[in-house]
Amino acid sequence: MKTILSIFVMFTLLSCAELQQVAGQFPNSIGSPDIAGGLREALNNGISKQVTKLTAVDGFYRNEAVKILLPAELQKVDSALRKIGLSSLADDGIKMLNRAAEDATKEATPIFVDAVKQMTFTDAKNILMGNESSATTYLQTTTTTPLYNKFNPVIKNSFAKVGADKVWTNIITKYNNIPFVKKVNPDLTDYTTNKALEGVYKMIAVEEKNIRTNLSSRTSTLLQQVFAMQDKK
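The notes below deal with the structure included here. (Residues numbered from 1 in each chain as written. Predicted model: local features only at pLDDT ≥ 70, side-chain atom pairs only at ≥ 80, totals over all residues. Heavy atoms only, no water.)

1. Concerning the packing of aromatic side chains
Moving on, step 1. One pass over the structure, following the stated rule, counts one aromatic pair.
Moving on, step 2. Look at Phe112 and Tyr201: their rings are 6.1 Å apart centre to centre, the planes differ by 80 degrees, and that puts the pair in the edge-to-face class. Placement of the pair is Phe112 in helix 6 (residues 108-117) and Tyr201 in helix 10 (residues 189-213), with a sequence separation of 89 residues.
Moving on, step 3. Taking relative accessible area as the criterion, Tyr201 reaches 5% and is therefore assigned buried.
Moving on, step 4. The ring centre of Tyr61 lies 4.6 Å from the NZ or CZ of Lys67, which sits over that ring. (Phe/Tyr/Trp six-rings, centres within 6.5 Å; stacked < 30°, edge-to-face > 60°. Helix = DSSP H or I, 4+ residues; strand = E, 2+ residues; numbered from the N terminus. Buried < 20%, exposed > 50% of the residue type's maximum accessible area, 1.4 Å probe, protein only. Lys NZ or Arg CZ within 6 Å of the ring centre and 35° of its normal.)

In structure tokens:
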């Protein structure tokens, strides 16, 4: 009895933030599943299952959901090259954009893991009871800036490493030599960086939706317990 009274007094003296921290550390003391732990596991599943796929050769290029195509202002370049028999050159240019994205995405996992570790009890509760992409939105909010800062120089270096800079110089030179066309000279690093980020979050959202809607995707007792709470909302 004395122990129970001590616990009660301790909880009444804690601030709201402290109470959330204690609740996160001792979720089972009130008979409820570890919501934050379940959401962390779900996000880590998305990272390990989906983001890792994007780092493989053709991870972007052969995935129609995230494949990076030319920006709108360069669609005319692609079209014009194909009309004059340079389809293979145009294909190589697109492939290089995707290779750079695949290369850059290898930098994502540590940043995601850190963001997942920082998730609070309140974050987890809001995510669980939010819409089908709330966890992905949480990651976008917390990781977009550091991921962009990581991806951008990697993509720039990757363009050089895989020869994309030379391929695109060749493509643009060929295009600019076509009579009567408006000359172009775009910098594709920022474009490819943003498209790579878009693809990463899209694939995490796929896994999140799967866990939220497909019971067989809840592969642990914790996931089953936590997302059962979502099912009842």
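2. Considerations on the nonpolar core
Moving on, step 1. Leu39, Phe112, Leu139, Phe151 and Trp168 are the most contacted members of the largest nonpolar core, which has 61 residues in total.
Moving on, step 2. Apart from the residues within four sequence positions on either side, Phe151 is in contact with Ala104, Thr105, Glu107, Ala108, Thr193, Ala196, Leu197 and Val200. (Core = buried A, V, L, I, M, F, W, Y, C linked by side-chain atoms within 4.5 Å. Contact = heavy atoms within 4.5 Å.)

3. Section: the packing of helix 3 (residues 35-54) against helix 7 (residues 121-128)
Moving on, step 1. The contact between helix 3 and helix 7 brings their axes to 8 Å, and the two run at 65 degrees. Taken together, helix 3 and helix 7 sit at an angle that is classed as roughly perpendicular. Two packed elements cross with a definite hand, and for helix 3 against helix 7 that hand is left-handed. Here Ile35, Ala36 and Leu39 of helix 3 lie close against helix 7, whose contacting residues are Phe121, Ala124, Lys125, Ile127 and Leu128.
Moving on, step 2. Classifying every residue of the contact of helix 3 with helix 7 gives seven nonpolar, no polar and one charged. (Axes fitted to C-alpha atoms, helices over the stretch in contact; angles between N-to-C directions. Parallel < 35°, antiparallel > 145°, perpendicular 65-115°, else oblique. Left-handed = near helix turned anticlockwise from the far one by under 90°. Nonpolar A, V, L, I, M, F, W, Y, C, P; charged D, E, K, R; others polar.)

4. What about the side chain of Thr192?
Moving on, step 1. Within the element layout of this structure, Thr192 appears in helix 10.
Moving on, step 2. Residue class for Thr192 comes out buried when judged on its relative accessible area of 0%.
Moving on, step 3. Ignoring anything within four residues of it in the chain, the contact list for Thr192 reads Ile68, Leu97, Ile155 and Phe159.

5. Some points on unusual backbone geometry
Moving on, step 1. Of note, Asp58 is a non-glycine position whose phi angle comes to about 75 degrees, a positive value.
Moving on, step 2. The partly exposed category is assigned to Asp58, whose relative accessible area is 23%.

6. Considerations on helix 3
Moving on, step 1. For helix 3, built from 20 residues, the straight-helix expectation of 28 Å at 1.5 Å per residue is met to within 8% by its first-to-last C-alpha distance of 28 Å.
Moving on, step 2. If you look at helix 3, its biggest bend is around 25 degrees, right at Ile47.
Moving on, step 3. Put simply, Asp34 is the residue that caps the front of helix 3, since its side-chain oxygen is 3.4 Å from the backbone nitrogen of Ala36. (Expected span 1.5 Å × (residues − 1). Bend = angle between axes of the 7 residues up to and from the residue. Polar contact = N/O pair within 3.5 Å; in protein donor to acceptor, adjacent residues only side chain to side chain.)

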